[in-house]
Each structure stands twice: as structure tokens, then as C-alpha cells.
Amino acid sequence: MWTTIKSTFGHSYLHPRHIAQREIANFVRTEGVALRGQLLDVGCGRKPYGKWLSNIDHHWGADMPTTMHGPEHADVWASAAALPFADGTFDSILCTEVLEHTPDPAAGLREIARVSKTGAVLVLTVPFSEQLHEKPYDFCRFTAYWLEHLLKTTGWEILRLRPRGGAWLELGYRVSSFLYTSFGATSDEHGKLSPRPVASFLVIPACAGVQLFSSVMDKLLPNNISTMGYGLVARKKA
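Quick look at the structure, then. (Residues numbered from 1 in each chain as written. Predicted model: local features only at pLDDT ≥ 70, side-chain atom pairs only at ≥ 80, totals over all residues. Heavy atoms only, no water.)

**Examining the overall build of the protein chain**
Phase 1 of the analysis: Helix and strand content of the protein chain: six helices and nine strands.
Phase 2 of the analysis: Its C-alpha radius of gyration of 18 Å places the protein chain within 12% of the 18 Å reference for a compact globule of 238 residues.
Phase 3 of the analysis: The buried share among the 238 residues of the protein chain stands at 47%.
Phase 4 of the analysis: Within the protein chain, counting contacts between residues at least 6 apart in sequence, those at least 24 apart form 73% of the total.
Phase 5 of the analysis: Per element, the accessible surface of the protein chain, about 11600 Å² overall, is 60% carbon and sulfur.
Phase 6 of the analysis: A distance of 4 Å separates the average location of the 24 positive side-chain charges in the protein chain from that of its 22 negative side-chain charges. (Helix = DSSP H or I, 4+ residues; strand = E, 2+ residues; numbered from the N terminus. Rg over C-alpha atoms; globule rule 2.2 N^0.38 Å. Buried < 20%, exposed > 50% of the residue type's maximum accessible area, 1.4 Å probe, protein only. Contact = heavy atoms within 4.5 Å. Areas by Shrake-Rupley, 256 points an atom, 1.4 Å probe, with all protein chains shown as cover. Lys, Arg positive; Asp, Glu negative; His and termini not counted. Charge placed at Lys NZ, Arg CZ, Asp CG, Glu CD.)

Printed below as a string of C-alpha cells:
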């Protein structure tokens, strides 16, 4: 029953992570048109953004065996810091919410640059405000200033860098996540959540209300003192 509910309402405010997922999806939908040719999706999960990548020739997926998203969509098992491809293989790179799971993000970005052609386009998203997840493989969070430093020193030129939502959305997302994680679900040692059969049906409407309120306030009184995360588009330097 939970699987049916999740598939029905997964893209609505009834999903406790809706705001975060929406903002990532909006960024990839907007910027994904720049991705062309041979694409490597680093940390591909279920390849949820493939439907918007209309200009690519082939969608390669790399992920870790420890992924919580299932193995069926990955073409290779590999970390961002050790990709089993030759230098200059790919025209484009997609990497969404992966670098926080890399102990050395700079090493990951250098390795991604190695397998990319000169001029290849990278579409990247990272979290700034997020609860612990996929434990124990959750190592860091990112500011815009650290991203600028990381990309500059690992072979990339940033073309566009912007926050994914302002402070209202960040607040709404964190409160919704807190409510669901604390009262609507149980968590195993790796942070994988399982809904409580009764409590989740009481908590989820509260999560929806919080996220809807924060979305309205984000429109009425925009505030950019904080954000859920960042999205950027970069080009590999010669």
C-alpha cells in the first residue's frame, strides 16, 4: 500500500522531500539541454532525469554497490574518484547530490574532469542544508564559495552557479524532513527510512502543509540568507 501511495503522490507536497526534489528537478530540466553526446551520470541512482536529456546520444550510469536506489540502472560500479573510463571519453557529465558522499570532493571533480573531453559540460547539484543520509557515506556540505574554489582548482570553468531555493524553502524542507524522520518513519543504521504504518498518515499531511506554506512565503517574502543547496553548470578547461 505504501508503494502505491508513494508512486501516486511522490511528485506532490505529500512527499516529505518534495521541495528539495522539485528544485533539483527544475535545475536539471532547465540546464539539461546543454548536455550532449556521450553522457556520464555519476551517482546515477535510478536515472530519474533521463527524460529531460533529449540532446544526448547515450546515457551511461555509474554508481556504488552501496546505493539505496537499486542496481538495475547502473552500467558500471564506480565511485566519483575512480571511474573506469579512458581519458577524454565523455562530452557531458551529470552529477546530482553525489559529492557529499565523496570523502575528497576535489579528487572526485578531478577524476570527472579526466574522463571528460576538453569543453565538456558538467551539470552538478550539491546540498548546503540536509540531514544525515546514506550513513556512513555522508561527509560534507557545500557553500557557493567552496564550490567556486573546488571547480577552479580541479579543471573546470563555472558558467552558472545559483542557489536551489531561498531560506523559506530551506526552512520548510528541514521542518518537513524533521517531522517525517522523527515521527513518521523509522530509520535503520544507514539512514534508510521505513514508514510507520499509522503515524506516517498523520505526519505526511503536516509535512505537506509545512512545504506548501514555505513555498507561498518564498514567493511573497523572498529571503536569500540560506538555501537547500546549489546547482551549477561548468565547462572543462583546456
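Once the structure has been displayed, the description carries forward.
**Remarks on the environment of E97**
Phase 1 of the analysis: Following the sequence through the fold, E97 ends up in the loop between β4 (90-96) and α3 (105-114).
Phase 2 of the analysis: For the pair E97 and C44, spaced 53 residues apart in the sequence, the C-alpha separation amounts to 9.8 Å.
Phase 3 of the analysis: A distance of 2.8 Å separates a polar atom in the side chain of E97 from a polar atom in the side chain of T125.
Phase 4 of the analysis: At 3.2 Å, the side chain of E97 and the backbone nitrogen of V126 are in polar contact. (Polar contact = N/O pair within 3.5 Å; in protein donor to acceptor, adjacent residues only side chain to side chain.)

**Side note on the sheet that holds strand β9 (residues 229-236)**
Phase 1 of the analysis: Overall, mixed pairing links the seven strands, which are arranged β3-β2-β1-β4-β5-β9-β6 in an open sheet. Two strands lie at the open edges of the sheet, namely β3 (76-77) and β6 (156-163), each paired on one side alone.
Phase 2 of the analysis: Both strand β2 (residues 56-63) and β3 contribute to a ladder of two bridges, which runs parallel. Along β3, the bridge assignment pairs D63 with W77.
Phase 3 of the analysis: Those strands touched by helix α2 (residues 18-31) are β4, β5 (116-127), β6 and β9, and its axis lies near 160° from that of β5.
Phase 4 of the analysis: Sitting on the sheet, helix α4 (residues 144-152) is in contact with β5, β6 and β9, with an inclination near 165° to β6. (Pairing = 2+ DSSP bridges. Axes fitted to C-alpha atoms, helices over the stretch in contact; angles between N-to-C directions.)

**Some details on helix α5 (residues 167-184)**
Phase 1 of the analysis: Taking 1.5 Å of rise per residue, 18 residues should cover 26 Å, and α5 covers 24 Å from first to last C-alpha, within 8% of that figure.
Phase 2 of the analysis: Turning to α5, its buried residues number three or more, namely A167, L169, E170, G172, Y173, S176, S177, Y180 and G184. (Expected span 1.5 Å × (residues − 1).)

**Describing the packing of aromatic side chains**
Phase 1 of the analysis: Counting across every chain of the model gives seven aromatic pairs.
Phase 2 of the analysis: Measuring from centroid to centroid gives 6.4 Å for F128 and Y230, while their planes differ by 75°, and the two rings are edge-to-face. With F128 in the loop between β5 and α4 and Y230 in strand β9, the pair connects residues that are 102 residues apart, well separated along the chain.
Phase 3 of the analysis: Here F128 falls in the partly exposed class, since its relative accessible area comes to 31%. (Phe/Tyr/Trp six-rings, centres within 6.5 Å; stacked < 30°, edge-to-face > 60°.)

**Notes on the pattern of salt bridges**
Phase 1 of the analysis: Enumeration over the complete set of coordinates arrives at 11 salt bridges.
Phase 2 of the analysis: A salt bridge links R160 to E31, with the nearest nitrogen and oxygen atoms 2.9 Å apart. Taken together, the positions of R160 in strand β6 and E31 in helix α2 put the pair 129 residues apart, joining distant regions of the chain.
Phase 3 of the analysis: Relative accessible area serves as the criterion here: at 37%, R160 is assigned to the partly exposed category.
Phase 4 of the analysis: Residue E31 is classed as buried on the basis of its relative accessible area of 6%.
Phase 5 of the analysis: The partner of R114 in a salt bridge is D87, and the shortest N-O contact between them spans 2.6 Å. With R114 in helix α3 and D87 in the loop between β3 and β4, this residue pair connects regions lying 27 residues apart in the sequence.
Phase 6 of the analysis: Taken together, the shared-partner salt bridges in this structure form one network comprising E31, R160 and R162. (Salt bridge = Lys/Arg side-chain N within 4 Å of Asp/Glu carboxyl O.)

Function cannot be read off these values alone, since they describe shape.
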